[in-house]
Amino acid sequence: MDEEAREGADIPAVDPAHEGPPGGSDGGPPRRTFLTKLLAATIGAVVAIIPAAVGLFVALEPLRRRRGKDGAPFIPVASLDAVPPDGMPRLFRVIADRQDAWNRHPKVPVGAVYLRRSREKPEEILALHTTCPHLGCFVNAKPDGSFHCPCHDSSFNSDGSIASLRSPSPRGLDPLPTRTEKTMILVQFQDFETGLEDRVPIL
Amino acid sequence: MTTPLLRRLGDAVEQRTGLRRIVRALLYENIPGGSRWRYVWGSTLVFTFTVQLITGFFLWLGYSPSAQTAWESVYYLEHETAGGSLLRGIHHYTAQAMILLLVLHVLQVVIDGAYRAPRELNFWIGLILLLIVLALGLTGYLLPWDQKGYWATKVATNLTAMTPVVGEDMKRVVVGGAEYGHTTVTRFFAMHAGLLPFLMILFTALHVYLFRRHGIHVRRSPRAPDTTFWPDQVLKDGVACLAVLAAVLLLAAWQPAPLMAPASPSEPYSAARPEWYFLFLFQLLKLFPGKSTIWGAIYIPGLVLLFMALMPILGRWRLGHAFNVMFIFSLLGGAAFLTVMAVVQDRANEEYQLAVRGAEADAKRVRVLARDLGIPPAGAVTLLEADALTQGPKIFARHCAACHRHGGEDGLGKTPEEAPSASDLQGFASRQWLTGLLDPARIDTPHYFGATAFKDGDMVDFVKSTVAAYDPARARSLSMVTKALSAEAGLKSQRELDRRDAAEIETGRLLLESRRGDPPGLNCLRCHTFGENGKAGKGPDLTGYGSRDWLIDFISDPAHERFYSEENDRMPRYGAEEILDRRSVELVADWLRGEWYVPTEESALPPEGAPVVQAPEDRAPVAQPPVAQAPAAQPAVTEAPLAQPAVTEAPVEPAPAKTPESASETEERRPEEDGAPSLPESGPVDFAAHVQPILETHCVKCHGSSGRKPKGELRLDTRENALKPGESGDPPITPGKSGESRVLRLIQSQDEEERMPPADIGRSLTPLEVSVLERWIDSGAPWPEGIVLRSRGS
């Protein structure tokens, strides 16, 4: 109420240089104390920002939710017999439990790998991620054992290395650590960021 | 001084857009008579709506509209996303604030007569906005797809079906078919987040435009000089909005927006009520019996709205305006009265209060299950459907409580009016329960056989004459037989006791079968079957008495020759006559046996289902002093420590001094005594004190990260590793399920090759150590954050 009194006192002062009323019919706008304007603007900003800030915080949740750096588990993918040592890559699905936001899916396909054993060193198992390191398309294996990406024509040798200078992929196919247990091949399945020269695991 | 460049840029924009003019027009609106607090209501409404648009968008980012994912996505936001609960709370309470502010706004307009020419049109637009806001509230209520929203929406949509002529078709279109499901959610969501906000923006813009055109409605001729909207009125509006926001934030922090159990058409929900601002309509409907419901549902609300639309016309006359004011006040008064009436009636309605508690227990329970077990793709509703703690008491109340009791109640916290005509099944087959059954003073009370045909049967006769006359030696035998019989049940709550008393139980089994000897046998096989021995038919088979299979078979067919044969007293053959499906029988059996998932960190949530179900006793921690079980007059046999196996527990002694009622009361809830030093007798064990030493001594040397390469990929050094599926797919530890946990299987394996730890590495685990791990896993395998185990070397 004393505010109204203050307004009254302020009325005669007019700032012609400052914004004038659009119609201009009822005289110039009264100059208000700086404090009133500051307060009004501050409160206005606060009430507008708080709900938006809460929402933004929630929306940025994926940045906070990351898996530990402990390394992905080894997952049994195929038996040794399924990968004859002939140097040809073979495609296998990776089956694991998957947590998709609120849903827990027990034992569902979470990705795929190429497994390959060479004639020379049959005890060595090469596991390659099927995702193209260029921009993430699914890489195809060709009959001669090399790889080709259907999206931007990245090409890779059968050991995963870049096959041609014109290949747009910044790095070769991503190898994954493997282990054998009795006759089972286990792969440490892990996704990597694409488009980078370095292999950066997606946690 | 403004830089010329900036001003030139501003001028350029102004020339091309006229932006400056628009902003000025908005900010420098004339306010005749100066700014006032009473002008803030409209602005707070615009503000609350803006808050809803903002928070609504962010909620949208996480919401998945389908019957199988709506509840689940809201759960994820509410309980597993940081800040999600606050965001939802703001949206929830701002919606309610909006209703309140709207009422105040309408009230002010009517009282001031601000609906009169030239403002009639704007008044009507205001009424449309009011309806849109109510529709937003109604559609939003369903979206979490929980029991609350589901049943309230069912009622609301069924009301639309009452609309003459088009009602049923209208409902079908709104619901998206004949049944409530995916399409109901998608449709309500599209309305709530699409069409309704769009209309709201449209009509708000029109409303504000017309308001600006007509100017503020001034009540009296102004005494103070005119002012402009910015900054005086903006400041007042801002303060009002801040107050609203503060109230909303406080409410959201104090009481998060509710999320009940997921919607299920098969689960009764007697706690169904609309949001509070619709309570008056809800109550109104109760006043219209039978076919006249349509009056409460459609005609009266319709007429009220019609009358409100006519207010500007009526208000042209002085008397008409007075009538309008009277009308709006009596309308508000009536609504307030009906609301209070609804609340008062519900408060006094025990049935409703019980339903609310049950609904809250379900809501908490599903939260625990979703958190610890994960939500299967079929949706969270399946978690509750398969949960014995949730379903057991409900099935019991529906099918068993007409005759039986559970702790004197019907399973759902209600004490039936009629006296029980069969035994009280709380703690069935436990030592206490059997002790009472074999007590001459109690067997023929209503707690056991008192109200059944067995009251005059052979068993009651045997207990009352033979058992009553037992000498101390036979009384000791009875104690051991009781323990042996109870051990047949394999109750989770007695696992520790059964293990501790293994020797006594073994003796008890022999005594149960034998006739004489030392200690003297009890010759139960005269009537009962036990294992391979005895003759069937006269009494129930005692093989596996009270075990899961036994109980399921019994409930399925009590008249089977294994059980009561033709002597079965009125108990329905639930399975044999297909009264209950197999799953329901299993659920009620599991519940009676106390077999259900126990959460990891009980402290994270208030105790589950406390008002609804009573977990079978036996949970008493060891700290509790040993209870002198028998009345003081009785020369109680002191409980000797473990060394002395042939211990008699006092209640087994014939206790002629006891009155049946008081005895059964006190004994039934008496905690089992125990001599173990630091380990709690049953229930959860402490990780750091009991579990960690075992794992660190026996497991982590190989199954850890400490220097040596883990022999197996299986690692037990962190909780994450221990719960992670290994090479064979199974995780080493499945919280809550010791039976499914690989670790437990491997440490107990009979196969030398398979058993852990391998013979060349370390000794096998003792039964006590095994039981500690088992109990730890069954209690959800709590593992404090961040603890990494290091080998201690054995």
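In case you missed it, the structure is sitting above this.
The shown structure was predicted, so the numbers you read here are calculated from the model rather than taken from an experiment.

A. Summary view of the overall build of chain B. In terms of regular secondary structure, chain B is built from 28 helices and two strands. Sorting the 794 residues of chain B into buried and exposed places 52% on the buried side. As presented, chain B carries roughly 37200 Å² of accessible surface, and 62% of it is formed by carbon and sulfur atoms.

B. Structural view of the packing of helix H6 (residues 120-142) of chain B against helix H12 (residues 293-314) of chain B. All names here are of chain B. Interhelical geometry of H6 versus H12 gives an angle of 160° and a closest axis separation of 8 Å. Considering the angle they form, H6 stands roughly antiparallel to H12. Judged by the twist between their axes, the crossing of H6 over H12 is right-handed. In this structure, H6 uses Glu120, Phe123, Trp124, Leu127 and Leu131 to contact H12, whose residues at the interface are Leu305, Met308, Ala309, Met311, Pro312 and Ile313. The class makeup of the residues in the contact of H6 with H12 is ten nonpolar, no polar and one charged.

C. Quick look at the interface of chain A and chain B. With 49 residues of chain A at the contact, the number on the chain B side is 61 residues. At the boundary of chain A with chain B, total buried surface from both sides reaches about 4400 Å², with 65% on carbon and sulfur atoms. Summed over the three residues of chain A that lose the most area to chain B, namely Val47, Trp102 and Arg104 of chain A, the buried surface amounts to 15% of that side. Taken together, the links from chain A to chain B amount to zero salt bridges. Counting across the chain A and chain B interface gives six residue pairs in polar contact (both at pLDDT 80 or more). Listed by contribution, the elements that provide at least two residues to the side of chain A that touches chain B are helix H1 (2-10), helix H2 (34-59), helix H3 (61-64), strand E1 (74-79), strand E3 (103-117) and strand E9 (178-181) of chain A. Take the side of chain A that touches chain B: its biggest share by element is 18 residues, from H2 of chain A.

D. How the structure looks around the pattern of salt bridges. All names here are of chain B. Throughout the structure, instances matching the rule amount to 38 salt bridges over all chains. For Glu29, the salt bridge is made with Arg212, and the minimal N-O distance between the two is 3.3 Å. Of this pair, Glu29 sits in the loop between helix H2 (19-27) and strand E1 (30-31) while Arg212 sits in helix H9 (residues 182-214), and the two are 183 residues apart along the sequence. In this structure Glu29 comes out as buried when scored by relative accessible area, which is 9%. Given a relative accessible area of 24%, Arg212 falls into the partly exposed group. Note that Arg431 and Asp498 form a salt bridge whose closest N and O atoms lie 3.5 Å from each other. Of the two residues, Arg431 is situated in helix H17 (residues 431-437) and Asp498 in helix H20 (residues 495-500); the sequence distance between them amounts to 67 residues. With relative accessibility at 2%, the residue Arg431 sits in the buried group. Among the residues examined, Asp498 registers a relative accessible area of 12% and is labelled buried. Among the charged side chains, a network of salt bridges with common partners joins Arg495, Arg499, Arg593, Glu595, Glu774 and Asp778.

E. Local environment of the environment of Thr69 of chain B. Residue and element names in this part refer to chain B. Here Thr69 shows up in the loop between helix H3 (40-60) and helix H4 (70-80). The spacing of Thr69 and His182 is 113 residues in sequence and 9.3 Å in space, taken between C-alpha atoms. Reaching out from Thr69, the side chain makes a polar contact with the side chain of Ser66 at a distance of 2.6 Å.

F. Main features of the sheet that holds strand E10 (residues 184-188) of chain A. All names here are of chain A. With antiparallel pairing, the three strands of this open sheet are ordered in space as E1-E10-E9. The open sheet terminates on both sides in strands that have one partner only, identified here as E1 and E9. Sheet twist, expressed as the mean angle between neighbouring strand axes with direction ignored, is 35°. Sheet analysis places E9 next to E10, joined by four bridges and oriented antiparallel. Considered in E10, the bridge of Thr180 is made with Ile185.

How each quantity is defined
Residues numbered from 1 in each chain as written. Chains lettered and ligands numbered in written order. Predicted model: local features only at pLDDT ≥ 70, side-chain atom pairs only at ≥ 80, totals over all residues. Heavy atoms only, no water. Helix = DSSP H or I, 4+ residues; strand = E, 2+ residues; numbered from the N terminus. Buried < 20%, exposed > 50% of the residue type's maximum accessible area, 1.4 Å probe, protein only. Areas by Shrake-Rupley, 256 points an atom, 1.4 Å probe, with all protein chains shown as cover. Axes fitted to C-alpha atoms, helices over the stretch in contact; angles between N-to-C directions. Parallel < 35°, antiparallel > 145°, perpendicular 65-115°, else oblique. Left-handed = near helix turned anticlockwise from the far one by under 90°. Contact = heavy atoms within 4.5 Å. Nonpolar A, V, L, I, M, F, W, Y, C, P; charged D, E, K, R; others polar. Buried area = accessible area lost by both parts, 1.4 Å probe. Salt bridge = Lys/Arg side-chain N within 4 Å of Asp/Glu carboxyl O. Polar contact = N/O pair within 3.5 Å; in protein donor to acceptor, adjacent residues only side chain to side chain. Pairing = 2+ DSSP bridges.

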